[in-house]
Protein chains: 2
Amino acid sequence: MIRTTDSRSADAAARALYGGARMSEQRSLIARAVLSATGAFTADELHHRLRETSPGLGLATVYRALAAMHAAGGVATVGERGGSALLAHCVRDDHHHHLVCTSCGDVISVDCPLGETALAAAARAGHLVTRHEITLYGLCARCLRAGGGA
Amino acid sequence: MIRTTDSRSADAAARALYGGARMSEQRSLIARAVLSATGAFTADELHHRLRETSPGLGLATVYRALAAMHAAGGVATVGERGGSALLAHCVRDDHHHHLVCTSCGDVISVDCPLGETALAAAARAGHLVTRHEITLYGLCARCLRAGGGA
DNA sequence: ACTGAAAGTGAGAAGCATTCTCATCTTGGA
DNA sequence: TCCAAGATGAGAATGCTTCTCACTTTCAGT
Ligand SMILES: [Mn+2]
Ligand SMILES: [Mn+2]
Ligand SMILES: [Zn+2]
Ligand SMILES: [Zn+2]
């Protein structure tokens, strides 16, 4: 039986999030917390979770580790909540966006809705779109079944 | 000759931005600055501009006036730059988004690209999209002609 | 025009997320 | 093993935005 919590594969998965950079005990813990998170989280939330088993872990270290994972592409900013950035583990490597469940925090990957139509309209008006940010908020299938249909 | 700076119509336009609320000398000045801005601006930028002719104007007053206009619908958050919110005068009352020129700050109104296709895809997966944020960045026609084609 | 309660103002303090500083560990290749 | 580069933790610092409070202004009702 192969377990996803196997220490060898867990280490490899955690290490991969940093893109081959140096690994510390703290960064390993933080990466595992990111991998085991069910949905989106803020830096502070992750810090609180980690504090339960690692009381000495600093908040700045969490921020630094998340920035490193973000740079390596394993973590994405998927929205914001109450003034804090919402992050999540993101494996998809093609261009896409995220739907964040405002009830449970789950993150659903969505294809980019900016198609030929939208970009062509901008081009027709003489403009050039070089970058865009799209975030969807709503309810995931589970939360919609649970309470949205009442 | 009818001038856009006619005091009667300027007052009316400024007043309209607040949605009929009480009007002070400061709010009038701030509303005119919003109306005369060519594109997007931060609260601090607007404050600096206003300071040139109204040295006593407080930054908190600018923030409060912008919040009031935002609530009334005459001002929209159109993006962010360097950690500050980018605002702009927005008259369009139907659902739309904004393309901000990263060169000159001009704001171009764009139709919402989230069509049936995108929403249906989410619905098919059992999700419900209740809210979304879309911001485009790029170059306006003028800036594209000026430097983008070099 | 007068009055007064509600609303607005200015200065600075306060909040809050995030980043920086710096002295002190760790890590991992040589 | 050695050590230079990198990571850590605590708290200071930063920067945008909001709040507090004493004071002033607005305007609906008279
Ligand atoms: Mn993703
Ligand atoms: Mn608009
Ligand atoms: Zn959910
Ligand atoms: Zn431009």
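Keep in mind that this is a model prediction, so the values were computed, not measured.

**Student:** Got a minute to help me understand the interface of chain B and chain A in this structure?
**Tutor:** For an interface, size is often stated in terms of accessible area lost upon the parts coming together. Each partner contributes residues to the interface: chain B has 23 residues there, and chain A has 23 residues. Carbon and sulfur atoms supply 63% of the area buried between chain B and chain A, which totals about 2000 Å² over both sides. Inspection of the region where chain B meets chain A yields zero salt bridges. Counting across the chain B and chain A interface gives ten residue pairs in polar contact (both at pLDDT 80 or more). Those elements giving two or more residues to the side of chain B that touches chain A turn out to be β5 (128-139) and α6 (141-148) of chain B.

**Student:** Honestly, the domain arrangement of chain A in this entry has me stumped. Any pointers?
**Tutor:** Residue and element names in this part refer to chain A. Along its sequence, chain A is organised into domain 1 (7-89) and domain 2 (96-148). Here domain 1 and domain 2 have C-alpha centroids that lie 24 Å from each other. Listed as interface residues are nine residues of domain 1 and, on the opposing side, seven residues of domain 2. Between domain 1 and domain 2, a total of about 540 Å² is buried, with carbon and sulfur atoms accounting for 58% of that surface. At the boundary of domain 1 with domain 2, the tally comes to zero salt bridges. For the interface between domain 1 and domain 2, the tally reads two residue pairs in polar contact (both at pLDDT 80 or more). Counting residues per element, the ones that place at least two in the side of domain 1 that touches domain 2 are β1 (75-81) and β2 (84-89). Take the side of domain 1 that touches domain 2: its biggest share by element is four residues, from β1. Taken together, the residues that form the side of domain 1 that touches domain 2 break down as five nonpolar, three polar and one charged.

**Student:** Is there a simple way to think about the protein's contact with DNA strand C in this case?
**Tutor:** Among the 19 residues in the neighbourhood of DNA strand C, the closest are listed as A:Tyr63, B:Arg22, B:Ser24, B:Thr61 and B:Arg64. If you look at DNA strand C and keep only atoms within 4 Å of the protein, 76% of those are sugar or phosphate atoms. Within the side chain of A:Arg22, an N or O atom sits 3.1 Å from a base oxygen of DNA strand C. One of the backbone nitrogen or oxygen atoms of B:Gly56 is found 3.5 Å away from a phosphate oxygen of DNA strand C.

**Student:** Looking at this structure, I do not really get the packing of helix α3 (residues 43-51) of chain A against helix α4 (residues 59-72) of chain A. What am I missing?
**Tutor:** Working note: a packed helix pair is described by the angle between its axes plus the distance between those axes. Residue and element names in this part refer to chain A. In contact at an axis separation of 9 Å, α3 and α4 are set at 120 degrees when each is read in the N-to-C sense. Judged by the inter-axis angle, α3 sits oblique to α4. For the pair α3 and α4, the sense of crossing is right-handed. Between α3 and α4, the residues in contact are Ala43, Asp44, Leu46, His47 and Leu50 and Leu59, Val62, Tyr63 and Leu66, respectively. Split by residue class, the contact of α3 with α4 holds seven nonpolar, one polar and one charged.

**Student:** Would you mind showing me how to read the confidence of the model for chain A here?
**Tutor:** Low-pLDDT portions of the prediction should not be read for the details of their coordinates. Of the residues in chain A, 92% reach a pLDDT of 70 or more, and the chain-wide mean stands at 91. Segment residues 1-5 of chain A: pLDDT under 50, and two contacts once partners within four positions in sequence are set aside and those in other chains are kept.

**Student:** Would you mind going over the coordination of the zinc ion (ligand 3) with me for this structure?
**Tutor:** Metal coordination angles in their ideal form are 109.5 degrees for the four-donor tetrahedron and 90 or 180 degrees for the six-donor octahedron. All names here are of chain A. Taken together, Cys101 (SG), Cys104 (SG), Cys140 (SG) and Cys143 (SG) make up the protein donors of the zinc ion (ligand 3), found 2.2 to 2.4 Å from the metal. In this structure, the zinc ion (ligand 3) is coordinated by four donor atoms arranged in tetrahedral fashion, with angles at the metal of 104 to 118 degrees. The sequence pattern describing where the donors of the zinc ion (ligand 3) fall on their chain is C-x2-C-x35-C-x2-C. Placement of Cys101 in strand β3 (residues 96-101) and of Cys143 in helix α6 (residues 141-148) is noted, with a sequence separation of 42 residues between them. The class of Cys143 is buried, set by a relative accessible area of 13%.

**Student:** Got a minute to help me understand the nonpolar core in this structure?
**Tutor:** Nonpolar side chains in soluble globular proteins tend to be buried together. A:Leu99, A:Leu136, B:Leu99 and B:Leu136 are the most contacted members of the largest nonpolar core, which has 24 residues in total. Looking at this core, the elements that each hand over two or more residues are β3, β4 (107-111) and β5 (128-139) of chain A together with β3 (96-101), β4 (107-111) and β5 of chain B. Residues in contact with B:Leu99, not counting those within four places in the same chain, are A:His127, A:Val129, B:Asp106, B:Val107, B:Ile108, B:Val110, B:Leu136, B:Tyr137 and B:Gly138.

**Student:** Please clarify how the relation of the copies chain B and chain A should be interpreted in this entry.
**Tutor:** Between the two copies of the chain lies a rotation about an axis combined with a shift along it. Mapping chain B onto chain A calls for a screw motion: a turn of 180 degrees about the axis and a shift of 0.0 Å along it, with 0.1 Å RMSD after fitting. Between the two chains, the operation in question is that of a two-fold axis. For chain B, the minimum C-alpha distance to the rotation axis belongs to B:Ile134 and amounts to 2.2 Å.

How each quantity is defined
Residues numbered from 1 in each chain as written. Chains lettered and ligands numbered in written order. Predicted model: local features only at pLDDT ≥ 70, side-chain atom pairs only at ≥ 80, totals over all residues. Heavy atoms only, no water. Contact = heavy atoms within 4.5 Å. Buried area = accessible area lost by both parts, 1.4 Å probe. Salt bridge = Lys/Arg side-chain N within 4 Å of Asp/Glu carboxyl O. Polar contact = N/O pair within 3.5 Å; in protein donor to acceptor, adjacent residues only side chain to side chain. Helix = DSSP H or I, 4+ residues; strand = E, 2+ residues; numbered from the N terminus. Domains from an automatic or database assignment. Nonpolar A, V, L, I, M, F, W, Y, C, P; charged D, E, K, R; others polar. Near = heavy atom within 4 Å. Axes fitted to C-alpha atoms, helices over the stretch in contact; angles between N-to-C directions. Parallel < 35°, antiparallel > 145°, perpendicular 65-115°, else oblique. Left-handed = near helix turned anticlockwise from the far one by under 90°. pLDDT = per-residue confidence, 0-100. Donors = N, O, S within 2.8 Å, 3.2 Å for Na, K, Ca; no water. Tetrahedral: all angles 85-135°; square planar, octahedral: opposite > 155°, others 65-115°. Buried < 20%, exposed > 50% of the residue type's maximum accessible area, 1.4 Å probe, protein only. Core = buried A, V, L, I, M, F, W, Y, C linked by side-chain atoms within 4.5 Å. Least-squares fit on C-alpha atoms with pLDDT ≥ 70 in both.

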